[in-house]
Amino acid sequence: VLTIADLSVERTGDPLTRRYSVLVRNEGRGDSEPFELAVAGLDPVIVDGLAARSEQLVEVVGPACGRGAPIDAVADPGDLVDERSERDNDLTAPC
């Protein structure tokens with residue numbers, strides 16, 4: 001079961017960009033296959049898979065979001081990883 005445990009936004013040295021940090025967790029009993037992670041409307045990044053009951057921090061840099069605007073992170077947006085529930089693969093947080 002892939003879940004987004006945390007999503008945060010940090011400033012970079014460039015006022016036009018932000019660092020989006022996503023904590024992805026595999027809460028299942030089996031290892032996950034590689035999967036895409038979509039963050040803040042940017043091109044998805046590939047996560048190499050997660051061992052059972054483990055987590056990984058993924059950071060991507062992209063254009064700055066508007067203050068207070070909602071940002072989304074979605075693990076496996078194409079629902080390619082076999083899970084018992086696909087409903088908890090995303091998280092929305094304010095910029």
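As a convention, each chain's residues are numbered from 1 in the sequence order in which they are written. The predicted nature of this model means local features are confined to residues of pLDDT at least 70 and side-chain atom pairs, given and counted, to a pLDDT of 80 or more, with totals for whole chains, interfaces and linings taken over all residues. In computing side-chain values, all of the structure's heavy atoms are included and hydrogens and water are not.

**Details of the sheet that holds strand β4 (residues 45-47)**
Item 1. Two strands are counted as paired when DSSP detects at least two bridges linking them. Secondary structure counts use DSSP, requiring at least four H or I residues in a row for a helix and at least two E residues in a row for a strand, with both numbered from the N terminus. Pairing is antiparallel across the open sheet formed by four strands, whose spatial order is β4-β3-β6-β7. Each having just a single partner strand, β4 and β7 (90-94) make up the two edges of the open sheet. Between one strand and the next, the sheet's axes are offset by a mean angle of 20 degrees, whatever the strand orientation.
Item 2. Pairing between strand β6 (residues 70-75) and β7: five bridges, direction antiparallel. Residue pairing in the sheet places I71 in a bridge with A93 of β7. The angle between two axes is taken between their N-to-C directions and runs from 0 to 180 degrees, where each axis is a line fitted to C-alpha atoms and a helix contributes only its stretch in contact.

**Looking at the nonpolar core**
Item 1. Counting residues in each nonpolar core, the largest one holds 18 residues, and the members touching the most others are I4, V22, V24, F35, L37 and A75.
Item 2. Residue assignment for this core shows that the elements contributing at least two residues are β1 (2-11), β2 (17-26), β3 (35-39), β5 (54-63) and β6.
Item 3. Contacts: residue pairs with any heavy atoms within 4.5 Å of one another. Aside from chain neighbours lying at most four places away, what touches L37 is I4, V22, V24, P44, V45, V47, V58, V74 and A75. Among buried residues, those of type Ala, Val, Leu, Ile, Met, Phe, Trp, Tyr and Cys that are joined through side-chain atoms within 4.5 Å constitute a nonpolar core. A 1.4 Å probe rolled over the protein chains alone gives each residue an accessible area, and that area as a share of the maximum for its type sets the label: buried under 20%, exposed over 50%, partly exposed in between.

**Description of the side chain of S32**
Item 1. Counting through the fold element by element, S32 comes out in the loop between β2 and β3.
Item 2. The buried category is assigned to S32, whose relative accessible area is 15%.
Item 3. The residues contacting S32, other than those within four sequence positions of it, are L2, N26, G49 and L50.

**Some details on the state of the cysteines**
Item 1. We call a pair of cysteine sulfur atoms a disulfide whenever their separation is within 2.5 Å. A complete count under the given rule lists one disulfide for this structure.
Item 2. The disulfide partner of C65 is C95, and the gap between their sulfur atoms is 1.8 Å. Judged by the sign of its S-S torsion, about 75 degrees, the bond between C65 and C95 is right-handed. Of this pair, C65 sits in the loop between β5 and β6 while C95 sits in the segment after β7, placing them 30 residues apart in sequence.
Item 3. A relative accessible area of 24% means that C95 is categorised as partly exposed.

**As for the confidence of the model for the protein**
Item 1. Mean pLDDT over the protein works out to 90, with 89% of the residues at or above the 70 mark.
Item 2. Looking at the elements of the protein, mean pLDDT is at its lowest for β7, recorded as 94, and at its highest for β5, recorded as 97. How sure the predictor is of each residue is captured by pLDDT, a score from 0 to 100.

**Here's the deal with the pattern of salt bridges**
Item 1. For salt bridges, the criterion is a side-chain nitrogen of Lys or Arg within 4 Å of an Asp or Glu carboxyl oxygen. One pass over the full model with this rule turns up three salt bridges.
Item 2. Residue E10 pairs with R19 through a salt bridge whose shortest N-O separation is 3.9 Å.
Item 3. What makes E10 partly exposed here is its relative accessible area of 35%.
Item 4. Its salt-bridge partner being E27, residue R25 comes within 3.9 Å of it at the nearest N-O pair.
Item 5. Residue classification places R25 among the partly exposed residues on the basis of a relative accessible area of 28%.
Item 6. In this structure E27 comes out as partly exposed when scored by relative accessible area, which is 38%.
Item 7. Several salt bridges converge on common partners, so that one network encompasses R25, E27 and E55.

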